Amino acid sequence: MVDDRVNAVMITRNRAADAAESVAALRDLPERPHVIVVDNGSTDGTTAAVHARRPDVRVITLDHNRGSAGRTVGARAATSPYVAFCDDDTAWRPGALRRAADLLDAHPTLAVVAAHVRVGDDGRDDPVSGAMAGSPLPRVPGLPGVPVLGFLAGMSIVRRDAYLSVGGFVLRDGVGGEEAWLAADLAAAGWHLAYVPDVVAHHRPSTRRDSVRRRRGDLRNALLFAWSRHRGAEAVDATARVLRTAPRDLDGLVGLVGALRSAGWVRRHRRPLPEDVVSSLHLLQATAT
């Protein structure tokens, strides 16, 4: 049965075959979600490949790579109250979108349902799912799952109006760590996020992953989060924590330089978090170390 409560939004770049296959899998789900593909400036004919495989899918073709902010382009184009984000190498288990929509219907302060992610053909648990399952954040009476302040962007279902109200994913250069801003900003606005183990997604990592760029971007983005969401001494402490674990090689240097070059972005997007959210982040960091 078609479930109009959830639109699926996929971002992709230069993975035409992967995108076409993933879109077909989405449309074959029992929920039959409307699918919006945001092509982040591909040069390999991704738009044509998707349309050739599934002409019923909407493709928004961007003239340049907007990274994770491409998801916000797709969310704005969605017409449903909830949006299931996915990447071109992820898939939702049949029934997962309906289960998430039922939870979001039943709990109006819930903004994000973070999926239980299984990886590869053997379906092993993603380590992030284990970390979310063990979250030390206090349970919220009446809400499902486990409270979290982090998740995997391409395997999450969001309440569209809540997502857009805080600006969505703000990074416009690559992906990696973009969830930190959205999770913290939603919590600061009074929304809840939950890891729900029976909402399941699968991740089959593409062979066309740029691991070097991702490594550099993760460091840069961790620093940008520290500078744009923390105040004074806390920003200094957060920066020190990031640098202590940063790679001592060319990737680390490039990531640091990239962050320093983004000072203007930090000024434009600076929004210090309230103390209760900062305290929750500290609790998570203490548990992780």
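First things first, this report covers the structure right here in the doc. Within each chain, residue numbers correspond to sequence positions counted from 1 in written order. Selection of residues for local features in this predicted model requires a pLDDT of at least 70, selection of side-chain atom pairs for listing and counting requires 80 or more, and totals for whole chains, interfaces and linings are taken over all residues. The side-chain figures draw on all heavy atoms in the structure; neither hydrogens nor water molecules are used.

On to the overall build of the protein chain, then. A run of DSSP states H or I qualifies as a helix once it reaches four residues; a run of E qualifies as a strand once it reaches two. Both are numbered from the N-terminal end. Regarding its fold elements, the protein chain presents 12 helices and 10 strands. Projected onto its principal axes, the C-alpha positions of the protein chain cover 50 × 45 × 35 Å. When accessible area is computed with a 1.4 Å probe and restricted to protein chains, residues below 20% of their type maximum are described as buried, those above 50% as exposed, and intermediate ones as partly exposed. Across the 289 residues of the protein chain, 53% fall into the buried class. The contact definition used throughout considers only heavy atoms, calling two residues in contact when any of these lie within 4.5 Å. Excluding contacts between residues fewer than 6 apart, the proportion of contacts in the protein chain whose partners are at least 24 apart in sequence is 78%. All accessible areas in this document rest on Shrake-Rupley with a 1.4 Å probe, and a residue is counted as covered only by the protein chains that are shown. For the protein chain, the exposed area adds up to about 12800 Å²; of that, 55% sits on carbon and sulfur atoms.

Relative to the elements of secondary structure, S42 occurs in the loop between β2 (34-39) and α2 (46-53). By relative accessible area, S42 is classed as buried at 19%. Looking at S42, its side chain comes within polar contact range of the side chain of D39, at 2.5 Å. If sequence neighbours within four positions are ignored, S42 has contacts with T12, R13 and N14. Between N or O atoms, a polar contact is any pair within 3.5 Å; within protein, one atom must be a potential hydrogen donor and the other a potential acceptor, and residues adjacent in sequence are included only when both atoms are from side chains.

It is worth spelling out the nonpolar core at this point. Judged by nonpolar contacts, the single largest core of 49 residues is most densely connected at F85, F151, L186 and L193. For this core, the element with the highest residue contribution is helix α7 (residues 179-188), accounting for six residues. Look past the residues within four positions of F151 in its chain and what remains in contact with it is V112, A114, M132, S156, F169, E179, L182, A183 and L193. One finds M10, V59, L97 and V196 within the second-largest nonpolar core, a separate group that totals 34 residues. As used in this record, nonpolar core signifies buried Ala, Val, Leu, Ile, Met, Phe, Trp, Tyr and Cys residues forming a set joined through side-chain atoms within 4.5 Å.

Further remarks concern the pairing of β2. Most of β2 sits inside the fold, with five of its six residues counted as buried. Crossover handedness is defined by viewing with both strands directed away from the observer: a clockwise path from the first strand over the helix to the second marks the crossover as right-handed. Once you follow strand β1 (residues 6-12) into helix α1 (residues 16-27) and on to β2, the crossover reads as right-handed. When DSSP locates at least two bridges between a pair of strands, those strands are taken to pair. Examined bridge by bridge, β2 and strand β3 (residues 58-61) share four bridges and lie parallel to one another. Counted as the bridge partner of I36 is R58 from β3.

In this section: the packing of aromatic side chains. Pairing of aromatic side chains requires ring centres within 6.5 Å, counting the rings of Phe and Tyr and the six-membered ring of Trp. Pairs whose planes differ by under 30 degrees are stacked, by over 60 edge-to-face, and all others tilted. This model, assessed by the stated rule, comprises five aromatic pairs. Relative to Y163, the ring of F85 lies with its centre 5.2 Å away and its plane at 55°, an arrangement referred to as tilted. Residue F85 is located in strand β4 (residues 82-87), and its partner Y163 is located in helix α6 (residues 160-165); the two are separated by 78 residues in the primary sequence. A relative accessible area of 0% means that F85 is categorised as buried. For Y163, a relative accessible area of 1% corresponds to the buried category. Clustering of aromatic rings is evident, with ring pairs tying together F85, Y163 and F169. One Lys or Arg, R71, reaches over the ring of F169 and ends 5.4 Å from the middle of that ring. Only lysine NZ and arginine CZ atoms are considered, and such an atom sits over a ring when it is within 6 Å of the ring centre and within 35 degrees of the ring normal.

What makes a salt bridge here is a side-chain nitrogen of Lys or Arg within 4 Å of a carboxyl oxygen of Asp or Glu, nothing more. The final tally for this structure, using the stated rule, is 18 salt bridges. One salt bridge connects R54 with D28, and the closest N-O pair in it is separated by 3.4 Å. Here R54, found in the loop between α2 and β3, pairs with D28, found in the loop between α1 and β2; they are 26 residues apart in sequence, far enough to count as distant. Close ionic contact of E178 with R71 constitutes a salt bridge, the shortest N to O distance being 2.8 Å. With E178 in the loop between α6 and α7 and R71 in helix α3 (residues 69-77), this pair connects stretches of sequence that are 107 residues apart.

With that settled, the discussion passes to the packing of α1 against α2. An axis is simply a line fitted to the C-alpha atoms; with a helix, the fit covers only the stretch in contact. Between two such axes, the angle follows the N-to-C directions and lies from 0 to 180 degrees. Two elements in contact, α1 and α2, have axes whose closest approach is 8 Å; the angle formed by their N-to-C orientations is 30°. One element, α1, and the other, α2, form an angle in the roughly parallel class. The element α1 and its partner α2 pack so that their crossing is right-handed. On the side of α1, the interface is formed by A16, A19, A20, E21, V23 and A24, while α2 contributes T46, A49, V50 and R53. Considering only residue class, the contact of α1 with α2 consists of seven nonpolar, one polar and two charged. Between 65 and 115 degrees an angle is taken as roughly perpendicular, under 35 as roughly parallel, over 145 as roughly antiparallel, and anywhere else as oblique. Each helix crossing is assigned a hand: it is left-handed if the near helix lies turned anticlockwise from the far helix by less than a right angle, otherwise right-handed if that turn is clockwise. For this scheme, ten residues count as nonpolar: Ala, Val, Leu, Ile, Met, Phe, Trp, Tyr, Cys and Pro. Four count as charged, namely Asp, Glu, Lys and Arg, and the remainder, Gly too, count as polar.

Further remarks concern the environment of N65. When you line up the elements, N65 lands in the loop between β3 and α3. Between the C-alpha atom of N65 and that of S42, which follows or precedes it by 23 residues, the distance is 7.8 Å. At 2.8 Å, the side chain of N65 forms a polar contact with the backbone nitrogen of G67.

So, on to helix α10 (residues 250-260). Side chains of residues three or four places apart in an α-helix project in the same direction, reflecting 3.6 residues per turn. Buried within α10 we find D251, G252, G255 and A259. One side of α10 holds all its buried residues, which, seen down the axis, span an arc of 100°. When the buried face of α10 is taken as reference, the exposed residues oriented beyond 90 degrees from it are L250, L253 and L260. Taking the backbone nitrogen of G252 as reference, a side-chain oxygen 3.0 Å away marks D249 as the first, capping residue of α10. This arc describes the spread of directions from the helix axis toward the C-beta atoms.

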